[in-house]
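# Secondary and tertiary structure notes
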Amino acid sequence: QVQLVESGGGLVQAGGSLRLSCAASGSIFRINGMGWCRQAPGKQRELVARFTSGGSIIYEDSVKGRFTISRDNAKNTGYLQMNSLKPEDTAVYYCNADITHSAYRVPAEYWGQGTQVTVSS
């Protein structure tokens, strides 16, 4: 079994910062890619930032220069540092990862439960 657990969400004023964490645990052979998506009320889930399996990083245009994705491979943990937050960043943020299971040796996509980020104006 593989689990992703997010933490670090909360309420912050516009211009503030938050850091989200995503800890992967369980039967992990390799984390091939890891990233963050968000879903605001009434909107579709969208990509925020991601490490691709090839090692590159992609950001959604509206967060470039404000958000930074990072990872600690030794801890199987990913992070999303969010600075200069805006009310339009308000959403549930989900961690997702492409992980090769240690027993099955087949990659699959896993999702965390989500963490709420609310930015007040």
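Quick note: structure is the one above.
Within each chain, residues carry numbers counting from 1 in the order of the written sequence. It should be noted that, the model being predicted, local features are given only for residues of pLDDT at least 70 and side-chain atom pairs only at 80 or more, the latter also being counted only at that level, while totals for whole chains, interfaces and linings use all residues. The basis for the side-chain values is all heavy atoms of the structure; hydrogens and waters are excluded.

### A look at the overall build of the protein
Threshold: In this text, helices come from DSSP runs of H or I with a minimum length of four residues, and strands from runs of E with a minimum of two, each type numbered from the N-terminal end. Atoms counted for the radius of gyration: C-alpha only. Globule rule: 2.2 Å times residue count to the power 0.38.
Looking only at helices and strands, one finds 0 helices and 11 strands in the protein. Traced from its N-terminal end to its C-terminal end, the protein shows the element sequence β-β-β-β-β-β-β-β-β-β-β. Taking 14 Å as the expected radius of gyration for a compact globule of 121 residues, we find that the protein reaches 14 Å, a close match to that expectation. Dimensions of the protein, computed from C-alpha atoms along their principal axes, come out at roughly 50 × 25 × 25 Å.

### Considering the environment of arginine 66
Defined as follows: Exposure categories follow from relative accessible area, calculated using a 1.4 Å probe and restricted to protein chains: below 20% of the type maximum is buried, above 50% is exposed, and the middle band is partly exposed. Should any heavy atoms of two residues lie within 4.5 Å, those residues are counted as being in contact.
Among the structural elements, arginine 66 can be located in the loop between strand E6 (57-59) and strand E7 (67-72). Take arginine 66: its relative accessible area is 9%, and that puts it in the buried class. It is 9.5 Å that separates the C-alpha atoms of arginine 66 and serine 17, two residues lying 49 residues apart in sequence. Excluding anything up to four places from it in sequence, arginine 66 contacts Gln81, Met82, Asn83, Ser84, Leu85, Lys86 and Asp89.

### A few points about the pairing of strand E1 (residues 2-7)
Put simply, the rule reads: Note on pairing: two strands pair once DSSP finds at least 2 bridges between them.
The two faces of E1 differ: Val2, Leu4 and Glu6 on one face are buried, but Gln3, Val5 and Ser7 on the other face are not. As judged from the 6 bridges shared by E1 and strand E3 (residues 18-26), these two strands associate in the antiparallel manner. Counterpart to valine 5 in the pairing with E3 is alanine 23.

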